[in-house]
Amino acid sequence: MKKCSIQSCPGMYEERRIAHVVKYHGEMIVFDNVLVEVCSVCGDVLMSLETAEAMEAVLANLGKPNRSAPVYELPSFEAA
Ligand SMILES: [Zn+2]
């Protein structure tokens, strides 16, 4: 395991699969099951270069999505 790269954070990265959302030409694109490393303390996310490049390759050549999902927006809340 790798130590967190955030200064003074004592956390360690652990592998997780997440849904990663990117905005592309104003559209939301969701990549599901993206393998990343997440700090267990501060939540910092590390993505491998291979993963980032694979996503860019998909975006550069957008075909039909494997699945699609409805998108909801919440009203904005004032911070308490
Ligand atoms: Zn951390």
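See the structure printed just above.
Each value, and the rule that gives it
- Residues numbered from 1 in each chain as written.
- Predicted model: local features only at pLDDT ≥ 70, side-chain atom pairs only at ≥ 80, totals over all residues.
- Heavy atoms only, no water.
- Donors = N, O, S within 2.8 Å, 3.2 Å for Na, K, Ca; no water.
- Helix = DSSP H or I, 4+ residues; strand = E, 2+ residues; numbered from the N terminus.
- Buried < 20%, exposed > 50% of the residue type's maximum accessible area, 1.4 Å probe, protein only.
- Patch = residues over 30% accessible without salt bridge, like charges linked within 9 Å, V, L, I, M, F, W, Y side chains within 5 Å.
- Areas by Shrake-Rupley, 256 points an atom, 1.4 Å probe, with all protein chains shown as cover.
- Salt bridge = Lys/Arg side-chain N within 4 Å of Asp/Glu carboxyl O.
- Contact = heavy atoms within 4.5 Å.
- Core = buried A, V, L, I, M, F, W, Y, C linked by side-chain atoms within 4.5 Å.
- 1 Å grid on protein atoms, 1.4 Å probe; cavity = no way out; pocket = protein on both sides within 12 Å on 5 of 7 lines; lining within 4 Å.
- Points joined across faces, edges and corners; volume = space filled by probe spheres on them.
- Nonpolar A, V, L, I, M, F, W, Y, C, P; charged D, E, K, R; others polar.

Draft legend 1. Representation of the coordination of the zinc ion. Every protein donor of the zinc ion is listed here as Cys-4 (SG), Cys-9 (SG), Cys-39 (SG) and Cys-42 (SG), and their distances to the metal cover 2.3 to 2.4 Å. All donors to the zinc ion come from one chain, and their sequence spacing reads C-x4-C-x29-C-x2-C. Taken together, the positions of Cys-4 in the segment before β1 (13–24) and Cys-39 in strand β2 (residues 27–39) put the pair 35 residues apart, joining distant regions of the chain. An identical accessibility class is assigned to Cys-4 and Cys-39; each is buried.

Draft legend 2. How the structure looks around the environment of His-25. Mapped onto the elements, His-25 comes out in the loop between β1 and β2. Each C-alpha atom, one on His-25 and one on Ser-76, is 23 Å from the other, the two residues being 51 residues apart in sequence.

Draft legend 3. Structural view of a nonpolar patch on the surface. Side chains of Val-21, Met-28, Val-30 and Val-71 sit close together on the surface and give an oily, nonpolar patch of about 340 Å² of accessible area. Within the secondary structure layout, Val-21 lies in strand β1. Take Val-21: its relative accessible area is 43%, and that puts it in the partly exposed class.

Draft legend 4. Spatial organisation of the side chain of Thr-51. Inspection of the secondary structure assignment puts Thr-51 in helix α1 (residues 49–60). The exposure class of Thr-51 is buried, given its relative accessible area of 18%. The residues touching Thr-51, leaving out its near neighbours within four places in the chain, are Val-34 and Leu-35.

Draft legend 5. The arrangement of the nonpolar core in detail. Membership of the largest hydrophobic core is limited to 8 residues, which are Val-22, Ile-29, Phe-31, Val-34, Val-36, Val-38, Met-55 and Leu-59. Listed by contribution, the elements that provide at least two residues to this core are β2 and α1. When residues in this core are grouped by element, the largest group, 5 residues, is from β2. Excluding its chain neighbours within four sequence positions, the residues that come into contact with Val-38 are Met-12, Tyr-13, Glu-14, Arg-16, Gly-43, Asp-44 and Val-45.

Draft legend 6. The layout of surface pockets, seen in detail. As a volume, the largest pocket reaches approximately 810 Å³. If you trace the largest pocket, you find 23 residues lining it, with Ile-29, Val-30, Phe-31, Pro-65 and Arg-67 closest to the centre. At the level of elements, β2 and α1 are the ones that each hand at least two residues to the lining of the largest pocket. Among the elements that line the lining of the largest pocket, the one with the most residues is β2, at 8 residues. Here the lining of the largest pocket is composed, by residue class, of 14 nonpolar, 5 polar and 4 charged.

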